[in-house]
Amino acid sequence: MDMALLLALPCSSQPSVIALDYIKQVSIRKAPPSFQQPVDCKPTASERKKKEEQQLTEAMISKLQKTIRPVWAVRGLHESAVKVLKRLAPEDTVTASFGKFISEVKPQHLSSVVLHRSKRMVLDSIGVGVIGSTTDVFELALQHCQHMYAPDDISSVYGRRGTRLSPTLAAFVNGVATHSMDFDDTWHPATHPSGAVLPAVLALSDMMSANSKPSGLDFLLAFNIGVEIQGRLMRFSNEAHNIPKRFHPPTVVGTMGSAAACARLLSLSPSQCSHALAIATSLSGAPMANAATQSKPLHIGNAARLGLEAAVLASKGLEASSLVLDAVTGVAGFNAFYEDYVPQPLELPNDGGHTFLLEEQDMGFKRFPAHLGMHWVADAAASIHKILVGFGPGTVSPAQVQDILLRVPKSKYINRPFPESEHEARHSFQFNACSALLDGEVTVQSFTPAALRRPDLLALLSRVRMEHPQDNPANFNSMYGEVQVTLVGGDILKGHCDTFYGHWRNPLTNESLRKKFRNNAGAVLPSEKVEMLIDVVDELDRLGDCRALLSLLQ
């Protein structure tokens, strides 16, 4: 007989049932009719004992009905109980609600605000990916894929005319390109949402036959689903709101977002979408120790690639945990990454309970290629530069400066007094503050080997001190950057930035975003193709299919 013990009570062949969301009902299985006792038979001593045990079980379940909270608060469920939950009430799980959302949300649920903001994300992500195709780390990743795997000329590679790879490898190298300069968008809670999703959606669209390419609107819907899933998962944890310490968030939520977007583009069923998320969970995670190294861009590439693979595996019938997003104590799923994870079901917009997060909070776009935290100190330092040299061209002389004090959040991996590589420089409060103080801005050229070795820059770096005020948390939504420069004559100049230009509270204008795109994409593509890309992305939700976009990426 198939039995599962829910409680540590005497063995019974009549297990009770706990639904995943709330304790809804008790269902006692009866013995088959052939084994039921006739009405006029007197029960034996053994039967009376079994009846007493059954009554005791029912009494305790009744008590549980009154006291147990939603399943994320249940403590100490036995492993076999999890099997019962999985078997009997899958439609009530958080995981199932996410699968249903991915499969059933409609293009008409995307508001004009969401469409506008997501098209800006697509344009920016393509631009940083195209310029990222000029970096050493991208070249290493591309050569690895070309030399280690059999050729499979299906999906295009950013900025490389005539170069095609398998969909998963194209998603990988394009994801690497997107993050190779740390120039991609950033959201709150902290992650890089576009870089993990767009390369996967583009690669999968390339794989589809000419007569089955997704429409521009369906393409944007899949992209937005991938972004939405990332945002929802991170909002279930307080830890996720802060600058990370243990693992790089895109390697977790980015993989989930890629899987969700690809599952939608493959038209998977709600159950298959849930399995895609569960499979992606097993393919997630990378430590923060590799921040500020050439390996960090691999995080985004792997998130795009492995999410795509998870969706394809789910489409082939591979199954995984149906509770992966449900916080079941003792059986870690997604809460293995965030210990304070408290999930809630995801409702469909037509239920009146869901608004896309992108409508509530805009995206952060970087003006220069570095960790997001650098933008606060760069803007604060640039304001001091303007005081010292005016608004015209010119540089600050180290001979003028006696001391530089930075008041920034405490975050070890972006505290790098003397960076030795471009990747370390992109993750250094000190470097970016001093670069902005010298030049009035930080640009793509600020991270070249020659710029890193400038004597004036090294002289300023030697005069930097840091403080970490208690009112300055390591949180992109509430931190600030303050630069205090003491001049040789004793004068003190202060620059303070609460919200830099490009932050979601102070987003780039369309003109500024397009200027950034032209500079980035124009480093590789001819100007006419750059302008065509701007027009195609702007019209994407009105295109019958996305072939026009796919044809312009090389």
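None of these values were measured; they are calculated from a predicted model.

**Q** Got a minute to help me understand the sheet that holds strand 3 (residues 401–407) in this structure?
**A** Pairing between the strands of a sheet is mediated by backbone hydrogen bonds and can be parallel or antiparallel. In space, the 4 strands of this open sheet follow the order 4-3-5-6, with mixed pairing throughout. Here the strands that pair on one side only, and so sit at the sheet edges, are strand 4 (464–467) and strand 6 (492–497). This sheet shows a mean twist of 15° between the axes of neighbouring strands, independent of strand direction. Where strand 5 (residues 481–487) lies against strand 6, 6 bridges are found, and the strand directions are antiparallel. Residue pairing in the sheet places Glu 482 in a bridge with His 496 of strand 6. Across the sheet, helix 13 (residues 374–389) lies against strand 5 and strand 6, angled at about 140° from strand 6, the strand it touches most. Running over the sheet, helix 15 (residues 429–439) touches strand 3, strand 4 and strand 5 and is turned about 130° from strand 3.

**Q** How should the packing of helix 7 (residues 193–207) against helix 9 (residues 253–265) be read in this particular structure?
**A** Helix packing geometry: the angle between the two helix axes and the distance between the axes. Where helix 7 meets helix 9, the closest approach of the two axes is 8 Å, and the angle between their N-to-C directions is 30°. Between helix 7 and helix 9, the crossing angle belongs to the class labelled roughly parallel. Of the two possible hands of crossing, helix 7 and helix 9 adopt the one that is right-handed. Across from Ala 196, Val 197, Ala 200, Val 201, Leu 204 and Ser 205 in helix 7, the residues of helix 9 making contact are Gly 254, Gly 257, Ser 258, Ala 261, Cys 262 and Leu 265. A breakdown of the residues in the contact of helix 7 with helix 9 according to their chemical character gives 8 nonpolar, 4 polar and no charged.

**Q** How do you make sense of the packing of aromatic side chains when you look at a structure like this?
**A** Geometry of an aromatic ring pair is reported as the spacing of the ring centres plus the angle between the planes. A full pass over the atoms with the stated rule returns 11 aromatic pairs. For the ring pair Phe 247 and Tyr 338, a centre distance of 5.2 Å and an interplane angle of 65° mean the geometry is edge-to-face. Here Phe 247 is found in the loop between helix 8 (216–234) and helix 9, whereas its partner Tyr 338 is found in the loop between helix 11 (296–315) and helix 12 (357–360), with 91 residues between them in sequence. Each member of the pair, Phe 247 together with Tyr 338, is buried. On the basis of an interplanar angle of 55° and a centroid distance of 5.2 Å, the ring pair of Phe 334 and Tyr 341 is categorised as tilted. A relative accessible area of 4% places Tyr 341 in the buried class. Among the aromatic residues, those joined into a ring-pair cluster are Phe 98, Phe 236, Phe 247, Phe 334, Phe 337, Tyr 338 and Tyr 341. If you follow Arg 305 out to its NZ or CZ, it ends over the ring of Phe 172, 5.6 Å from the centre.

**Q** Just to check I follow, could you spell out the pattern of salt bridges for this structure?
**A** Opposite charge on two side chains permits pairing when their charged atoms draw close. Summed over the entire model, instances satisfying the criterion amount to 22 salt bridges. Between Lys 100 and Glu 104 there is a salt bridge; the shortest N-O distance is 2.9 Å. Taken together, the residues Lys 100 and Glu 104, both in helix 3 (residues 94–104) and 4 residues apart, mark about one turn of the helix. Close ionic contact of Glu 539 with Arg 542 constitutes a salt bridge, the shortest N to O distance being 2.8 Å. Overall, Glu 539 belongs to the partly exposed group, its relative accessible area being 34%. It is possible to trace a salt-bridge network through shared partners that takes in Lys 119, Glu 539, Asp 541 and Arg 542.

Rules and cut-offs
Residues numbered from 1 in each chain as written. Predicted model: local features only at pLDDT ≥ 70, side-chain atom pairs only at ≥ 80, totals over all residues. Heavy atoms only, no water. Pairing = 2+ DSSP bridges. Helix = DSSP H or I, 4+ residues; strand = E, 2+ residues; numbered from the N terminus. Axes fitted to C-alpha atoms, helices over the stretch in contact; angles between N-to-C directions. Contact = heavy atoms within 4.5 Å. Parallel < 35°, antiparallel > 145°, perpendicular 65-115°, else oblique. Left-handed = near helix turned anticlockwise from the far one by under 90°. Nonpolar A, V, L, I, M, F, W, Y, C, P; charged D, E, K, R; others polar. Phe/Tyr/Trp six-rings, centres within 6.5 Å; stacked < 30°, edge-to-face > 60°. Buried < 20%, exposed > 50% of the residue type's maximum accessible area, 1.4 Å probe, protein only. Lys NZ or Arg CZ within 6 Å of the ring centre and 35° of its normal. Salt bridge = Lys/Arg side-chain N within 4 Å of Asp/Glu carboxyl O.

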